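Here's the letter readout for the chains.
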Amino acid sequence: MEKKFYVYVHRRETDGSVFYVGKGTGRRAWSFLNRNPYWKRIANKQGFTVNILVKNINEVCAFSI
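Residues numbered from 1 in each chain as written. Predicted model: local features only at pLDDT ≥ 70, side-chain atom pairs only at ≥ 80, totals over all residues. Heavy atoms only, no water.

Draft legend 1. Structural detail: unusual backbone geometry. Backbone geometry at N34 places phi at a positive 55°, although glycine is not the residue there. With respect to the helices and strands, the residue N34 is situated in the loop between β2 (18-24) and α1 (37-46). A positive phi is found at N56, a non-glycine position, where the angle reads about 55°. By the secondary structure assignment, N56 is in strand β3 (residues 48-57). (Helix = DSSP H or I, 4+ residues; strand = E, 2+ residues; numbered from the N terminus.)

Draft legend 2. Structural view of the nonpolar core. F19, W39, I42, A43 and F48 together form the largest nonpolar core, which totals five residues. Examining the composition of this core, we find that three residues originate from one element, α1, more than from any other. When near neighbours in sequence (up to four residues on either side) are disregarded, I42 contacts R12, F19 and G47. (Core = buried A, V, L, I, M, F, W, Y, C linked by side-chain atoms within 4.5 Å. Buried < 20%, exposed > 50% of the residue type's maximum accessible area, 1.4 Å probe, protein only. Contact = heavy atoms within 4.5 Å.)

Worth remembering: the numbers are spatial, not functional.
What follows is the structure, encoded as structure tokens:
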């Protein structure tokens, strides 16, 4: 069975602007692990919200989005 992915965006809590777009499985969209310094600086200073754009797609589709 093929693993199912989703595409998500992280938005600043302060103004709602998008600062990150990613693909993931499981709880990746809500994880602080394995993030780059830019992401951590924004998330720690301004907070973030998660929006799932597309669910239950294969990895090729996730990358294309």
